[in-house]
Number of protein chains: 2
Amino acid sequence: MRKINIPDAFSQVKQAYSPLIAGDIDDVQVKIALIDGPFDWHQHPDEDEAFFIIEGEMVMEMRTQNIVLKQGDLFVVPKGTEHRPNATAPCKVMLIEKASVLNTGDKTTDKTKKDIDYVA
Amino acid sequence: MRKINIPDAFSQVKQAYSPLIAGDIDDVQVKIALIDGPFDWHQHPDEDEAFFIIEGEMVMEMRTQNIVLKQGDLFVVPKGTEHRPNATAPCKVMLIEKASVLNTGDKTTDKTKKDIDYVA
């Protein structure tokens, strides 16, 4: 049982799109990640995915619209929705999603992360 | 599909311990709530409950220890753990928990909230 300061924990995030796990809530995990540059287009067929912006600004690109997200914004990408996170400068994000979620969803790319560490 | 600015949404929270729902992530909900004064001792036998501090300071009282939580802190109360949120001044909190979680857990008190509205 420990508390984690989320802004401070970003000092452990070494590169963009390499998330760390900050907490488990039943079968859901809170992760922290840096968004920087375009990610890969993907979708999660079976899981919703929430983005909460800790610091900075990003764009959630989707096939029908783009949504600009700024500090304090919460946005849920519904399951089955193709999306591509993008940012022109590093953006600190808290993710809330099932532990079963793979970052690149239905795709395997050079950005796919299968074994994610916990915040130390 | 909409974004919600969490700090701004607190303008819709009218009193302490009256949460609003900010988002659904599969069977989990993000809620916002004001902690102010002692809540009621309770536990959730089947669900973990995460607290993320948006602004202010609170104490998570438990039977074996108290944990002080400040802005940016994430803390998960494990299922089956008796706890009582407390604060000496209004503290803005984001809760992450199964939609099935009742705020007073295994107790029914005058603080029990069964029908929770969404952020407008």
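Let us look at the structure shown here. Remember, predicted model here, so these are calculated numbers, not experimental data.

### Let's talk about the environment of A:Ala87
Residue and element names in this part refer to chain A.
Then step 1. Along the polypeptide, Ala-87 turns up in the loop between strand S8 (83–86) and strand S9 (91–98).
Then step 2. Taking C-alpha positions, Ala-87 is 19 Å from Thr-109, a pair spaced 22 residues apart along the chain.
Then step 3. The residues contacting Ala-87, other than those within four sequence positions of it, are Ile-35, Asp-36, Gly-37, Gly-56, Glu-57, Met-58 and Val-59.

### With respect to the interface of chain B and chain A
Then step 1. The interface is formed by 27 residues belonging to chain B together with 27 residues belonging to chain A.
Then step 2. For the side of chain B that touches chain A, the secondary structure elements donating two or more residues are strand S1 (4–5), helix H1 (6–9), strand S2 (20–25), strand S3 (28–35), strand S6 (66–70), strand S7 (73–77) and strand S9 (91–98) of chain B.
Then step 3. For the side of chain B that touches chain A, the residue count by class is 16 nonpolar, 3 polar and 8 charged.
Then step 4. The sheet contact formed by strand S1 (residues 4–5) of chain A and S7(B) spans 2 bridges and is antiparallel.

### Focus on the relation of the copies chain B and chain A
Then step 1. The two copies are related by a screw motion: chain B maps onto chain A through a turn of 180° and a shift of 0.0 Å along the axis, at an RMSD of 0.0 Å. Between the two chains, the operation in question is that of a two-fold axis.
Then step 2. A share of 100% of the interface residues of chain B reappears at the interface of chain A, consistent with the copies meeting face to face through the same patch.

### Points about the sheet that holds strand S5 (residues 57–62) of chain A
All names here are of chain A.
Then step 1. The strand order S6-S5-S8 describes an open sheet built from 3 strands, whose pairing is antiparallel. Where the open sheet ends on each side, the last strands, each with one partner, are strand S6 (66–70) and S8. Taking the axes of each pair of neighbouring strands and ignoring which way they run, one obtains an average angle of 20° across the sheet.
Then step 2. Two elements, S5 and S6, share 5 bridges in a ladder whose sense is antiparallel. Across the sheet, Val-59 pairs through a bridge with Val-68, a residue of S6.

How each quantity is defined
- Residues numbered from 1 in each chain as written.
- Chains lettered and ligands numbered in written order.
- Predicted model: local features only at pLDDT ≥ 70, side-chain atom pairs only at ≥ 80, totals over all residues.
- Helix = DSSP H or I, 4+ residues; strand = E, 2+ residues; numbered from the N terminus.
- Contact = placed C-beta atoms within 7 Å.
- Nonpolar A, V, L, I, M, F, W, Y, C, P; charged D, E, K, R; others polar.
- Pairing = 2+ DSSP bridges.
- Least-squares fit on C-alpha atoms with pLDDT ≥ 70 in both.
- Axes fitted to C-alpha atoms, helices over the stretch in contact; angles between N-to-C directions.

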